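# Structural features, examined
Listed below are the residues making up each chain.
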Amino acid sequence: MNSTAISFATACDAVAKWHRHHVPPQGHIASIGAWEGGEMIGVAIIGRPVNRYLQAGGWLEVTRLATDGSRNACSFLYGAARKWLRARNRTKKGEGEKPYKGLITYILGTETGISLRAAGWTEDVLRADSSAVRGRTWSRGSGHQGGGVKGARRRFSITITVTTTNSISQEQT
């Protein structure tokens, strides 16, 4: 498997085709495609978190991940998203921009998270009163919803830190 940057339109087409319970997101910062044998087998879309506190805290979110069901494609894409952020932080640090802290993503409460764990992500413990536990939709009252999926969600994260020697190391949260 290999990965490359892809257009937002290409990523959205793949999400519309492969994702079980979400429509394509409204926007992105980056989209990554996974390829095997010349065929695209999956996509990851990275964007800003809806939660403004996570945005202010320097986090980005894998807002969608969809595959054609190929073995290990999900783990590969979560790893590719981490590698993309490490490279982005390295480049932007050289330009004087503040690096992002890490990546988060949400999965349904019924999903195992094994692909995330295989890629080095860890599950975050959320407050008992959060929408992730109570299963509300992410409606802002304006008619826009974060996909409109009801039910418990679980959050996973991976932190990317930039050291003073310009090298990047991975820490888990």
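Everything below is about the structure printed above this text.
Source: prediction; values computed, not measured.

A few words now on the environment of A30. Within the secondary structure layout, A30 lies in strand β2 (residues 30-36). In this structure, the C-alpha to C-alpha distance between A30 and G47, residues 17 residues apart in sequence, is 6.9 Å. In this structure A30 touches A44, I45, I46 and W84, once residues within four positions along its chain are discounted.

Here we come to the nonpolar core. In this structure, I46, V62, Y78, L103 and W121 are the most contacted members of the largest nonpolar core, which totals 23 residues. Counting only elements with at least two residues in this core, the list comes to β2, β3 (39-47), β4 (59-67), α3 (73-94), β5 (102-108) and β7 (153-162). With 6 residues, α3 is the largest single contributor of residues to this core. In contact with L103, other than residues within four places in its own chain, are I46, W59, L60, A81, R82, L85, W121, F156, S157 and I158. Membership of the second largest hydrophobic core comes to 9 residues, among which are I6, A14, W18 and M40.

Our focus in this paragraph is the pattern of salt bridges. Counted according to the given criterion, the structure contains 4 salt bridges. Among the ionic pairs, E123 bridges to R154, the shortest N-O distance being 2.8 Å. You can see E123 sitting in strand β6 (residues 122-123) and its partner R154 sitting in strand β7, a full 31 residues away along the chain. Its relative accessible area of 34% is what places E123 among the partly exposed residues. Residue D124 pairs with R155 through a salt bridge whose shortest N-O separation is 2.9 Å. Note that D124 is positioned in the loop between β6 and α5 (131-134) and R155 in strand β7, a separation of 31 residues in sequence. A single burial state applies to D124 and to R155, both of which are buried. Through salt bridges with shared partners, a single network forms among R117, E123 and R154.

The rules behind each value
Residues numbered from 1 in each chain as written. Predicted model: local features only at pLDDT ≥ 70, side-chain atom pairs only at ≥ 80, totals over all residues. Heavy atoms only, no water. Helix = DSSP H or I, 4+ residues; strand = E, 2+ residues; numbered from the N terminus. Contact = heavy atoms within 4.5 Å. Core = buried A, V, L, I, M, F, W, Y, C linked by side-chain atoms within 4.5 Å. Buried < 20%, exposed > 50% of the residue type's maximum accessible area, 1.4 Å probe, protein only. Salt bridge = Lys/Arg side-chain N within 4 Å of Asp/Glu carboxyl O.

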